[in-house]
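If you want the building blocks of each chain, they are given just below.
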There are 2 protein chains.
Amino acid sequence: MTTKVLGHKAPDTDSTGSPIVWAWYLNEVKGVPAEAVLLGEPNTEAAFVLKHWDLPKPAIISDVSEGEKVVIVDTNNPAELPAGINGADITAIIDHHKLVGGLETKGPIDITIRPLACTATIMYDLMGDDVAKAPRGIKGAMLSCILSDTLEFRSPTTTDHDKAVCEALAKDLGVDMGELATAMFEAKSDVSAFSEAELLRMDSKEYTVGATDLRVSVLETTAPKMILDRKDALMAAMPGVAKEDGAHEVLLFVVDILNEEATLLVPNDTVKQIAEASFGCSVSGDTVVLPGIMSRKKQIIPNLKA
Amino acid sequence: MTTKVLGHKAPDTDSTGSPIVWAWYLNEVKGVPAEAVLLGEPNTEAAFVLKHWDLPKPAIISDVSEGEKVVIVDTNNPAELPAGINGADITAIIDHHKLVGGLETKGPIDITIRPLACTATIMYDLMGDDVAKAPRGIKGAMLSCILSDTLEFRSPTTTDHDKAVCEALAKDLGVDMGELATAMFEAKSDVSAFSEAELLRMDSKEYTVGATDLRVSVLETTAPKMILDRKDALMAAMPGVAKEDGAHEVLLFVVDILNEEATLLVPNDTVKQIAEASFGCSVSGDTVVLPGIMSRKKQIIPNLKA
């Protein structure tokens with residue numbers, strides 16, 4: 001039986017690249033038949049990375065079967081996984097997020113969660129000397145995953161170890177990290193093809209603060225103007241998206257990668273109060289700039305207050 | 001703040017020794033102030049192991065405080081941990097059981113779960129070359145944990161890797177594994193001081209099969225006669241223990257380590273039906289011998305049927 005290796009439902013570079021990396025390792029090093037799959041269309045950066053490293057786009061699946069062998073990477077949250085996940089035969093989990101509970105396994109399995117910026121960094125460590133056997137595309141995928149998740153080491157989630165692994169991969173491949181990162185971030189910033197609702201859901205996690213269920217959405221970009229020019233339409237789309245997804249509010253943070261700041265859209269008084277309570281800022285218009293805010297995991301979620 | 005390193009509520013050798021091993025590693029190698037603690041009185045084998053390796057008995061605690069730093073080893077099951085565990089600041093989990101869900105962490109942390117027989121084997125791997133720095137008592141604790149959890153390699157949970165690590169430790173220490181295991185199992189078998197209710201709860205996990213909540217208890221011994229001579233009193237104590245613990249039935253498996261078989265006590269028709277459905281045996285009296293059955297994790301729990 002082929003093991004399916006999958007990330008979360010909103011495939012960014014790490015959730016697209018890491019399944020490919022681990023499926024290669026299982027197939028070629030461990031002798032375990034494995035296939036990377038996606039739970040949705042990769043975002044524009046992930047699509048660029050696939051093309052850049054000449055990697056075939058994994059098949060997109062909508063659910064997993066009872067008893068099917070599955071390796072989960074880049075999440076441990078059942079809400080971000082197929083509905084049937086707890087019926088599958090989960091054989092391993094590799095992740096770098098907080099444990100949220102809810103996943104169950106049928107027996108003891110390999111679970112490796114580390115407080116690092118990127119799943120690919122953990123995989124690099126787990127593979128040990130076998131990394132040397134990886135073809136260029138697999139090493140390139142790891143390099144791109146780390147550049148993406150660390151925003152080229154600008155994100156406060158970045159650890160010295162992520163950076164060291166990334167630099168070792170770039171040196172091995174003879175790649176200029178800065179050039180690659182710039183091309184990746186430009187690809188990520190080209191969101192012209194997406195509707196407002198798609199943008200609000202592109203990189204979004206559910207989070208409850210007090211009695212308010214939030215969709216906490218982040219758009220990392222080197223061209224914030226392209227998104228902020230659509231501010232009115234984005235705010236107009238929020239109530240519909242919130243209602244459909246069972247949330248009270250959508251918080252959209254437009255993260256300016258190069259200037260290392262976030263702009264939060266403030267469509268109403270509820271969001272205004274959350275913004276002021278959470279970030280100690282004073283909101284006057286329908287946006288607020290939050291200097292230095294780059295990471296949902298490290299800076300947004302831990303600070304959210306009602 | 002000192003990090004408390006703790007195992008589960010029924011401290012056997014692994015849940016007593018592994019916290020001591022990891023607290024040593026945190027203190028002496030990682031420079032993180034840490035203290036091993038217990039959630040109950042160690043069993044007779046664990047008490048022997050502490051004395052044999054001249055290790056002080058860790059303090060017994062009843063709960064953890066809000067925000068207290070905690071490392072959890074040898075379980076990931078909130079039911080086997082202090083009531084306040086999800087309020088603590090869990091900084092790492094090292095375990096070899098199936099993921100049951102229910103534990104949550106405040107941020108991404110180090111979680112290492114492996115399908116190995118023993119927590120100490122995982123620690124040996126995680127420590128890498130730093131194992132060489134461990135004093136005799138710490139290496140001895142690891143050796144004893146592996147001999148205990150594998151029943152000196154008789155248990156089907158034993159992997160080649162557990163065995164290799166155990167043999168390396170024994171060689172390093174110049175210890176005869178067979179002699180040590182015999183002394184440990186003799187200590188474990190000396191249960192004369194315990195009441196029937198204590199015996200039923202000594203090494204017990206809750207498990208639901210169909211609509212029946214079970215306490216699945218195991219007593220590993222080299223002197224099964226000592227326990228089976230108390231069969232009538234043990235069966236008489238079962239309804240009270242089940243009621244107090246919110247279970248319908250107690251299944252007590254007396255595992256004969258040397259003869260590699262288990263004797264299940266059969267106090268009533270419900271247990272008789274479970275035994276016959278689960279193990280394909282035919283029960284005539286109030287006990288049934290199950291040849292080859294040594295492991296709750298590998299052989300009992302996965303086979304239980306209503």
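These lines cover the structure that appears in this document, whether it is placed above or below. Treat the numbers as computed from the prediction; the structure is a model and nothing was measured.

1. Digging into the environment of G280 of chain B
Counting through the fold element by element, G280 of chain B comes out in the loop between α10 (269-279) and β11 (287-291). Taking the C-alpha atoms as reference, G280 of chain B lies 9.9 Å from N303 of chain B; in sequence the two are 23 residues apart.

2. Here we look at the side chain of D74 of chain A
Residues and elements named next belong to chain A. Relative to the helices and strands, D74 is located in the loop between β4 (69-73) and β5 (89-95). Despite its burial, D74 pairs with no opposite charge; the closest candidate is K205, at 6.6 Å N-O. Here H96 takes part through its side chain, which lies 2.9 Å from a polar atom of the side chain of D74. In this view, D74 contacts H8, D12, D14, S15, I94, D95, H96, H97 and T119; residues no more than four positions away in its chain are not counted.

3. Quick notes on unusual backbone geometry
Phi angles above zero are rare outside glycine, and D54 of chain A is one such case at about 60°. Structurally, D54 of chain A is set in the loop between α2 (44-52) and β3 (59-60). Positioned with a positive phi, E152 of chain B is a non-glycine residue whose angle comes to about 50°. Exposure remark for E152 of chain B: the relative accessible area of 21% places this residue in the partly exposed category.

4. Remarks on the pattern of salt bridges
The full count for this structure, using the stated rule, is 38 salt bridges over all chains. Two residues, K4 of chain A and E68 of chain A, come together in a salt bridge whose shortest N-O distance is 2.8 Å. Residue K4 of chain A is found in strand β1 (residues 3-6), and its partner E68 of chain A is found in the loop between β3 and β4; the two are separated by 64 residues along the sequence. With respect to class, K4 of chain A is no different from E68 of chain A; both count as buried. Between D172 of chain B and K139 of chain B there is a salt bridge, and its shortest N-O distance comes to 2.9 Å. Here D172 of chain B, found in helix α5 (residues 160-173), pairs with K139 of chain B, found in helix α4 (residues 136-149); they are 33 residues apart in sequence, far enough to count as distant. A residue is classified by how much of its surface remains accessible, and K139 of chain B, at 10% relative accessible area, is buried. Residues joined in a network through salt bridges with shared partners are R201, E206, R215, E244 and D245 of chain A.

5. Comments concerning the packing of helix α1 (residues 13-29) of chain A against helix α3 (residues 119-127) of chain A
Residue and element names in this part refer to chain A. Their axes nearest at 9 Å, the elements α1 and α3 cross at an angle of 15°. Compared by their axis directions, α1 and α3 come out roughly parallel. Remark: the crossing between α1 and α3 carries left-handed chirality. Together, D14, S18, V21, W22, W24 and Y25 of α1 and T119, A120, M123, L126 and M127 of α3 make up the contact between the two elements. A class-by-class count of the residues in the contact of α1 with α3 yields 8 nonpolar, 2 polar and 1 charged.

6. Section: empty space enclosed by the protein
The tally for this structure, following the rule as stated, stands at 2 cavities of 30 Å³ or more. Each pocket or cavity is described by its volume, and for the largest cavity that value is around 70 Å³. N76, L99, V100, G101, G102 and L103 of chain A together with N76, L99, G101, G102 and L103 of chain B are the residues that line the largest cavity. Of the residues belonging to the lining of the largest cavity, the class tally is 5 nonpolar, 6 polar and no charged. Here the second largest cavity defines a volume of roughly 40 Å³. Surrounding the second largest cavity, T13, T16, G17, I20, A46, V49, L50, L55 and A141 of chain B form its lining.

7. Section: the interface of chain A and chain B
Each side of the interface is counted separately: chain A has 23 residues, and chain B has 23 residues. When the two sides are added together, the surface that chain A and chain B hide from each other amounts to roughly 1800 Å², 57% of it contributed by carbon and sulfur. The largest share of the area that chain A buries against chain B comes from L99, P108 and I111 of chain A, three residues that together contribute 34% of it. Our count for the contact surface shared by chain A and chain B stands at 8 residue pairs in polar contact (both at pLDDT 80 or more). Examining the composition of the side of chain A that touches chain B, we find that 4 residues originate from one element, strand β6 (residues 110-113) of chain A, more than from any other. A per-class count over the side of chain A that touches chain B returns 10 nonpolar, 7 polar and 6 charged.

8. A closer look at the relation of the copies chain A and chain B
When chain A is brought onto chain B, the operation consists of a screw motion whose angular component is 180° and whose axial shift is 0.0 Å, with 0.0 Å RMSD remaining. Within this description, the copies of the chain are treated as partners about a two-fold rotation axis. Comparing interface residues between copies, 100% of those in chain A also lie at the interface in chain B; the contact surface is shared.

9. Topic: the packing of aromatic side chains
Scanning all chains against the criterion turns up 4 aromatic pairs over all chains. Between F253 of chain A and F279 of chain A, the aromatic rings sit 5.9 Å apart at their centres with planes inclined by 75°, giving edge-to-face as the arrangement. Of this pair, F253 of chain A sits in strand β9 (residues 249-256) while F279 of chain A sits in helix α10 (residues 269-279), and the two are 26 residues apart along the sequence. Like F279 of chain A, F253 of chain A is buried. Seen in terms of ring centroids, W22 of chain B and Y25 of chain B are 4.6 Å apart; in terms of plane orientation they differ by 40°. Their pairing is tilted. Of this pair, W22 of chain B and Y25 of chain B both sit in helix α1 (residues 13-28), separated by 3 residues, roughly a single helical turn. Take W22 of chain B and Y25 of chain B: they sit in the same class, and that class is buried.

10. So, the sheet that holds β1 of chain A
With mixed pairing, the 12 strands of this open sheet are ordered in space as β3(A)-β2(A)-β1(A)-β4(A)-β5(A)-β6(A)-β6(B)-β5(B)-β4(B)-β1(B)-β2(B)-β3(B). Of all the strands in the sheet, just β3 of chain A together with β3 (59-60) of chain B have a single pairing partner and so form its edges. Sheet topology places β4 of chain A next to β5 of chain A; 5 bridges connect them, and they run parallel. What sits directly across from V70 of chain A, in β5 of chain A, is I90 of chain A. The sheet strands contacting α1 of chain A are β1, β2 (34-38), β4 and β5 of chain A, and the helix crosses β2 of chain A at an angle near 170°. Strands in contact with α3 of chain A are β4, β5 and β6 of chain A; relative to β5 of chain A, the strand with the most contacts, it is inclined by about 105°.

11. A word on the side chain of N76 of chain A
Residue and element names in this part refer to chain A. Following the sequence through the fold, N76 ends up in the loop between β4 and β5. Within the local environment of N76, its side chain forms a polar contact with the side chain of D95, the two groups lying 2.9 Å apart. Within the local environment of N76, its side chain forms a polar contact with the backbone nitrogen of V100, the two atoms lying 3.0 Å apart.

12. Some thoughts on the sheet that holds strand β7 (residues 204-209) of chain B
Residue and element names in this part refer to chain B. The mixed open sheet is built from 5 strands, whose spatial order is β7-β8-β9-β10-β11. Looking at which strands have only one partner, the edges of the open sheet turn out to be β7 and β11. Geometrically, the sheet is characterised by an average inter-axis angle of 25° between neighbouring strands, direction not taken into account. Here 8 bridges tie strand β8 (residues 212-221) to strand β9 (residues 249-256), and the two strands are oriented parallel to one another. Paired with T221 across the bridge in β9 is D256.

Calculation criteria
- Residues numbered from 1 in each chain as written.
- Chains lettered and ligands numbered in written order.
- Predicted model: local features only at pLDDT ≥ 70, side-chain atom pairs only at ≥ 80, totals over all residues.
- Heavy atoms only, no water.
- Helix = DSSP H or I, 4+ residues; strand = E, 2+ residues; numbered from the N terminus.
- Buried < 20%, exposed > 50% of the residue type's maximum accessible area, 1.4 Å probe, protein only.
- Lys, Arg positive; Asp, Glu negative; His and termini not counted.
- Salt bridge = Lys/Arg side-chain N within 4 Å of Asp/Glu carboxyl O.
- Polar contact = N/O pair within 3.5 Å; in protein donor to acceptor, adjacent residues only side chain to side chain.
- Contact = heavy atoms within 4.5 Å.
- Axes fitted to C-alpha atoms, helices over the stretch in contact; angles between N-to-C directions.
- Parallel < 35°, antiparallel > 145°, perpendicular 65-115°, else oblique.
- Left-handed = near helix turned anticlockwise from the far one by under 90°.
- Nonpolar A, V, L, I, M, F, W, Y, C, P; charged D, E, K, R; others polar.
- 1 Å grid on protein atoms, 1.4 Å probe; cavity = no way out; pocket = protein on both sides within 12 Å on 5 of 7 lines; lining within 4 Å.
- Points joined across faces, edges and corners; volume = space filled by probe spheres on them.
- Buried area = accessible area lost by both parts, 1.4 Å probe.
- Least-squares fit on C-alpha atoms with pLDDT ≥ 70 in both.
- Phe/Tyr/Trp six-rings, centres within 6.5 Å; stacked < 30°, edge-to-face > 60°.
- Pairing = 2+ DSSP bridges.

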